[in-house]
Amino acid sequence: MTHMNVKAQVDQVGIFLSKVAAEVNGFLNEATLSSFKQLNPEAEAYYCDMLSTLRKLAVYSEDAAEVCQKIKQQHTFPQQAAQQTLHRIYHQCVEEFFAPKKDTWYEDSRSAYTGKNSIVFRHEVTADVKRLFSLLEKDFLTMREELEYTTSLQQRNMM
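We now turn to the structure provided with this report.

What counts, and at which threshold
Residues numbered from 1 in each chain as written. Predicted model: local features only at pLDDT ≥ 70, side-chain atom pairs only at ≥ 80, totals over all residues. Heavy atoms only, no water. Core = buried A, V, L, I, M, F, W, Y, C linked by side-chain atoms within 4.5 Å. Buried < 20%, exposed > 50% of the residue type's maximum accessible area, 1.4 Å probe, protein only. Helix = DSSP H or I, 4+ residues; strand = E, 2+ residues; numbered from the N terminus. Contact = heavy atoms within 4.5 Å. Phe/Tyr/Trp six-rings, centres within 6.5 Å; stacked < 30°, edge-to-face > 60°.

Structural notes on the nonpolar core
The nonpolar side chains of a soluble globular protein tend to be buried, and buried together.
Then, in step 1: With 42 residues, the main nonpolar core has Met50, Leu54, Phe121, Phe133 and Phe140 as its most contacted residues.
Then, in step 2: Of all the secondary structure elements, the ones that give two or more residues to this core are α1 (3-30), α3 (44-72), α4 (79-98), β2 (119-121) and α6 (127-158).
Then, in step 3: The biggest single contributor to this core is α3, with 11 residues.
Then, in step 4: With residues near it in sequence (within four places) discarded, Leu54 still touches Val24, Phe27, Leu28, Trp105, Leu132 and Phe133.

Describing the side chain of Thr85
Then, in step 1: Structurally, Thr85 is set in helix α4.
Then, in step 2: Here Thr85 falls in the buried class, since its relative accessible area comes to 9%.
Then, in step 3: With sequence-adjacent residues up to four places away left out, Thr85 is seen in contact with Val67 and Ile71.

Quick look at the packing of aromatic side chains
Then, in step 1: In this structure the tally under the stated criterion is 10 aromatic pairs.
Then, in step 2: Consider the rings of Trp105 and Phe121, whose centres lie 6.1 Å apart with planes at 65°: the pair is edge-to-face. Within this pair, whereas Trp105 is found in strand β1 (residues 105-107), its partner Phe121 is found in strand β2, the two being separated by 16 residues in sequence.
Then, in step 3: A network of ring pairs unites the aromatic residues Phe16, Phe97, Phe98, Trp105, Phe121, Phe133 and Phe140 as a single cluster.

Structure, rendered in structure tokens:
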């Protein structure tokens, strides 16, 4: 991948991750476990896992956005470090959004055909959660496509 493409992608991803961190942190600052428990008191452990996963996503996004900013500020653009960072962002942020380790939600692979949101929650969630995911999903889909391409190119070049 050319130097300018990687640099532009680092810029784009940094802006995207800053937005993700702001949106998720804004949501988390207002969310309470007790408001979720009103929906389904038996699902308290699930709601704790969901909030924990969102906190992790916010932290990963903030950290990665900072790394993108530091890469952009270098006098000479560190091509290989930038590609490695994009690879890490793909696995740590994008994949975690669609398939979190705690399995609190999952991606419906048929959503492209149904026109619905691709994220399906294992339990009922508040309208605010649905709104947050609806707001973020399209940009995450775009980032996944772009970073998948970058990641696959990087892996081919390593072979």
